[in-house]
Amino acid sequence: MITHHLLRTAFSSSPVTRLHWCSSRNHVYTKNLAPFSTEIPRDSATIIQGPSLLTATGVFRPSPSLFYLPGLRSLPFWTAPEPPDASSRGSPQNPQQLRRHRIAFNDPIVSAAVNHLESNFNDIRAEYFSAVLGQGNQIVLDNGEVTKPLEPDYDVESKGVEHADAKLHKGNWDWHSYILNGIRNDLFRERCPKTSQVIDDIEREGILFGTPFGFCFFSTLHGKSSIRAHSGPMNLRLRVHLPLLVPKQTTLVNNDAERKSRPTIGIRLADQTREWHEGSALVLDDSYVHEVWNDSEEPRVLLLLDLWHPDVKMEEKERITKMFEYAREKGWIGKPR
């Protein structure tokens, strides 16, 4: 559960071995499938290898690459499709016009996070243009220096973490992160204070996904670029896209029968394809297989952040967070704090 490495180590001797994590003792135990003995502390979490999964049936279900928590409500997209007429869509400038039943299950936790992000759309977008593109930066008269734009920080060399694979994308995909593998970037906070404050507000509500697999960054997928089909590492989170800059949408027509009717810029999640609309958040469960493309000539920009799945209980959050922090400290994932 903690990492692929730990799973292989713990389960190499038997297909029915259990892995136990004790948060109070900061220790990992392994034990064959048998009645528990007193050597396993009561506050340990139990991770069991398997069971076997049925896949490649043509029916899309969650298929996380690392960890699956049973019993969570599951949908590829947690936001309803946009109406054909954009004028009937709620906008960040008019949050009261947001459609009823827009968020799956009318979930109040997800709805609150989405509303807070959308109501700050203009500020977040302006900070992207300033901090990343350098628009509006002032020259310091005393020394003639100009504030430099933020540098991309997508690191394919960080082991055991998400997207640590240079082959995942084709073309250019830039990250400018406030939270990268659960660690905050102070320079981002300095350059994007309003965006950072919005994310911090969400964290204070206990919604922000606070593990080494938690992210918040400006995601810039440049023209003629794509991210190949893959599944996220776990179903513990929901991923939010707040589109900041979306080139004009057209339908791509070419000689590829499988692609000729898809939009120029879009995301396919399971068997559903969506487009982005500036200022209108998209909430998704990335434990379903998904792919992203931008076949236009211009960049597509969004603010991406991860939320706890609303069905994960506080006790589960605490133990999961401690397990992943232990894995980070051991050097199995990411970089130690």
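As shown above, the structure is provided for reference.
Thresholds applied
- Residues numbered from 1 in each chain as written.
- Predicted model: local features only at pLDDT ≥ 70, side-chain atom pairs only at ≥ 80, totals over all residues.
- Heavy atoms only, no water.
- Helix = DSSP H or I, 4+ residues; strand = E, 2+ residues; numbered from the N terminus.
- Buried < 20%, exposed > 50% of the residue type's maximum accessible area, 1.4 Å probe, protein only.
- Contact = heavy atoms within 4.5 Å.
- Expected span 1.5 Å × (residues − 1).
- Axes fitted to C-alpha atoms, helices over the stretch in contact; angles between N-to-C directions.
- Parallel < 35°, antiparallel > 145°, perpendicular 65-115°, else oblique.
- Left-handed = near helix turned anticlockwise from the far one by under 90°.
- Pairing = 2+ DSSP bridges.
- Core = buried A, V, L, I, M, F, W, Y, C linked by side-chain atoms within 4.5 Å.

1. Here's the deal with the overall build of the protein
Logical step 1: Counting secondary structure elements, the protein contains 6 helices and 14 strands.
Logical step 2: When the 337 residues of the protein are sorted by exposure, 49% land in the buried category.
Logical step 3: Counting only contacts in the protein whose residues sit at least 6 apart along the sequence, the fraction spanning at least 24 positions is 72%.

2. As for unusual backbone geometry
Logical step 1: Residues other than glycine seldom take positive phi values, yet Phe 105 does so here, at roughly 65°.
Logical step 2: Examined against the element boundaries, Phe 105 turns out to sit in the loop between strand 3 (44-48) and helix 2 (108-119).
Logical step 3: A residue is classified by how much of its surface remains accessible, and Phe 105, at 45% relative accessible area, is partly exposed.

3. Comments concerning helix 5 (residues 193-204)
Logical step 1: Helix length check: helix 5 (12 residues) gives 16 Å between terminal C-alpha atoms against 16 Å at 1.5 Å per residue, within 8%.
Logical step 2: Within helix 5 the residues assigned to the buried category are Thr 195, Ser 196, Val 198, Ile 199, Asp 200 and Ile 202.
Logical step 3: Following helix 5 by one or two positions, Gly 206 adopts a phi angle in the positive range, close to 75°.

4. Examining the environment of Glu 316
Logical step 1: Mapping Glu 316 onto the fold places it in helix 6 (residues 314-329).
Logical step 2: Overall, the relative accessible area of 29% leaves Glu 316 in the partly exposed class.
Logical step 3: Between the alpha carbons of Glu 316 and Leu 69 there is a distance of 9.9 Å; along the sequence they are 247 residues apart.
Logical step 4: Contacts of Glu 316, omitting those with residues within four sequence positions, involve Leu 69 and Asp 311.

5. Comments concerning the packing of helix 2 against helix 5
Logical step 1: The N-to-C vectors of helix 2 and helix 5 enclose an angle of 165°; their axes lie 10 Å apart at closest approach. Taken as axis vectors, helix 2 and helix 5 run roughly antiparallel relative to one another. Crossing hand, helix 2 versus helix 5: right-handed. Packed against helix 2, whose contacting residues are Ala 113, His 116 and Leu 117, the element helix 5 presents Val 198, Ile 199, Asp 201 and Ile 202 at the interface.

6. Observations concerning the sheet that holds strand 12 (residues 282-284)
One key point about sheets: their strands pair by backbone hydrogen bonds, in either a parallel or an antiparallel sense.
Logical step 1: The strand order 6-5-7-14-9-12 describes an open sheet built from 6 strands, whose pairing is antiparallel. At either margin of the open sheet sits one strand with a lone partner, and together these are strand 6 (183-184) and strand 12.
Logical step 2: Relative to strand 7 (residues 216-221), strand 5 (residues 173-180) is paired through 6 bridges, and the arrangement is antiparallel. Looking at strand 7, one finds that Ser 177 is bridged to Phe 217.
Logical step 3: Those strands touched by helix 3 (residues 121-131) are strand 7, strand 9 (237-245) and strand 14 (300-308), and its axis lies near 70° from that of strand 9.
Logical step 4: Where helix 5 meets the sheet, its contacts fall on strand 5, strand 6, strand 7 and strand 14, and the angle it forms with strand 14 comes to roughly 20°.

7. Section: the nonpolar core
Logical step 1: One finds Leu 117, Ile 199, Phe 218, Leu 244, Leu 303 and Leu 305 to be the most contacted residues of the largest nonpolar core, which totals 35 residues.
Logical step 2: Listed by contribution, the elements that provide at least two residues to this core are helix 2, helix 3, strand 5, helix 5, strand 7, strand 9 and strand 14.
Logical step 3: Ranked by residue count, the leading element in this core is helix 3, at 5 residues.
Logical step 4: With near-sequence residues (within four places) excluded, Leu 117 lies in contact with Ile 124, Val 198, Ile 199, Ile 202, Val 240, Leu 242, Leu 303 and Leu 305.
Logical step 5: One finds Phe 217, Ile 267, Val 292 and Leu 302 within the second-largest nonpolar core, a separate group that totals 21 residues.

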